[in-house]
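Residue strings, one per chain:
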Amino acid sequence: LEAYCEFVRPTPRKLGIEADYVRGAEDKLANLLEARNFDFVVGSVHFLQDQAVDMRDSEWDIWDSADPDEVWTRYFQTLGHAASSGLFDILAHPDLVKVWGPRVPVPDGDLRRFYERAMDGIADSDVAVEVSTAGPISVRSAHRKYVRDAAVAPRGPCAHNLPTSHDSRSPATRRTRATGSVGPA
């Protein structure tokens, strides 16, 4: 981390980081972030305590033992706490809980009931919420629209701060941006 900061600081680029929010570890994260004076911090929720929502087939895989309604409830409650923690400038991939392939169970019914659990924390904060354009064209999540229109439709006090991004982690996704096609060239 120190090498990264030393590399970026003398350049004209802004120094930023994505930091995972874990409830109960806010002080540790605050100390880590404050010691480096980042220009911006992108917050995310990948873990619900010691279980991961996006690490399929690992020892931390929450989907091996948890009920989808419970996972989604905890995920969006945690997202709301992340927003209100004051640690982040942006919340990344706010619906990460649903994008990990067709094997991840999705609760029945209107999913907005889960998103609403995060809205108070988001509305009461100055945090921006990312809307990623990567999902609809990525191989991994082509079967689902990454961000549901209902979840991000500006309503009431949340009708602000919706930055967009594209997550190009592989040559295939970079190629998708340029060609509009999915998969190997």
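Refer to the structure printed above.
Residues numbered from 1 in each chain as written. Predicted model: local features only at pLDDT ≥ 70, side-chain atom pairs only at ≥ 80, totals over all residues. Heavy atoms only, no water.

Draft legend 1. Structural detail: the overall build of the chain. For the chain, the helix and strand inventory stands at six helices and eight strands. For the chain, the proportion of its 185 residues judged to be buried stands at 43%. The long-range fraction of contacts in the chain, counting pairs at least 24 apart against all pairs at least 6 apart in sequence, stands at 68%. When the accessible surface of the chain is summed, it comes to about 10,200 Å², and 51% of that surface belongs to carbon and sulfur atoms. (Helix = DSSP H or I, 4+ residues; strand = E, 2+ residues; numbered from the N terminus. Buried < 20%, exposed > 50% of the residue type's maximum accessible area, 1.4 Å probe, protein only. Contact = heavy atoms within 4.5 Å. Areas by Shrake-Rupley, 256 points an atom, 1.4 Å probe, with all protein chains shown as cover.)

Draft legend 2. How the structure looks around the sheet that holds strand β5 (residues 90-91). Read across the open sheet, the four strands follow the order β1-β2-β5-β6; overall the sheet is parallel. Each edge of the sheet is formed by a strand with only one pairing partner; in this case those strands are β1 (16-20) and β6 (128-129). (Pairing = 2+ DSSP bridges.)

Draft legend 3. View of unusual backbone geometry. In this structure, Asn37 is a non-glycine residue whose phi angle is positive, near 50°. Judged by relative accessible area, which is 57%, Asn37 ranks as exposed. Positive phi outside glycine occurs at His93, with the angle close to 30°. Along the chain, His93 falls in the loop between β5 and α4 (112-123). In this structure His93 comes out as buried when scored by relative accessible area, which is 9%.

Draft legend 4. Fine view of the packing of helix α3 (residues 68-84) against α4. Following both chains from N to C, one finds α3 and α4 inclined at 15°, their axes separated by 7 Å at the closest point. Classified by the angle between their axes, α3 and α4 sit roughly parallel to one another. In the packing of α3 onto α4, the handedness of the crossing is right-handed. Facing Asp69, Trp72, Thr73, Phe76, Gln77, Leu79, Gly80, Ala83 and Ser84 of α3, the residues of α4 in contact are Arg113, Phe114, Tyr115, Arg117, Ala118, Gly121 and Ile122. Classifying every residue of the contact of α3 with α4 gives eight nonpolar, five polar and three charged. (Axes fitted to C-alpha atoms, helices over the stretch in contact; angles between N-to-C directions. Parallel < 35°, antiparallel > 145°, perpendicular 65-115°, else oblique. Left-handed = near helix turned anticlockwise from the far one by under 90°. Nonpolar A, V, L, I, M, F, W, Y, C, P; charged D, E, K, R; others polar.)

Draft legend 5. Region of interest: α3. With 17 residues, α3 should reach 24 Å at 1.5 Å per residue; the first-to-last C-alpha distance of 24 Å fits that figure. Those residues of α3 lying buried are Pro68, Val71, Trp72, Thr73, Tyr75, Phe76, Thr78, Leu79, Gly80, Ala82 and Ala83. Its side-chain oxygen placed 3.2 Å from the backbone nitrogen of Asp69, Asp67 serves as the N-cap of α3. Trailing α3 by a residue or two, Gly86 shows a phi angle of about 80°, which is positive. (Expected span 1.5 Å × (residues − 1). Polar contact = N/O pair within 3.5 Å; in protein donor to acceptor, adjacent residues only side chain to side chain.)

Draft legend 6. Geometry of the pattern of salt bridges. All told, the structure shown has six salt bridges when counted by the stated rule. Between Asp110 and Arg112 there is a salt bridge, with the nearest N and O atoms lying 2.7 Å from each other. Classification of Asp110 by relative accessible area gives partly exposed; the value is 41%. (Salt bridge = Lys/Arg side-chain N within 4 Å of Asp/Glu carboxyl O.)

Draft legend 7. Region of the structure containing helix α2 (residues 26-34). Looking at α2, one finds that the buried residues are Leu29, Ala30 and Leu33. Down the axis of α2, the smallest arc covering the buried residues is 100°, so these residues share one side. Of the residues in α2, the exposed ones pointing more than 90 degrees away from the buried face are Asp27, Lys28 and Asn31. Buried residues belonging to α2 abut β1 and β2 (40-44). (Arc of directions from axis to C-beta.)

Draft legend 8. Here's a closer look at the nonpolar core. In this structure, Val53, Phe76 and Phe88 are the most contacted members of the largest nonpolar core, which totals 39 residues. When residues of this core are traced back to their parent elements, those giving at least two are α1 (2-8), β1, α2, α3 and α4. Sorting elements by how many residues they give to this core places α3 first, with seven residues. Ignoring any residue separated from it by four or fewer positions in sequence, one finds Phe88 in contact with Ala19, Tyr21, Leu29, Val41, Val42, Gly43, Ala82 and Val127. (Core = buried A, V, L, I, M, F, W, Y, C linked by side-chain atoms within 4.5 Å.)

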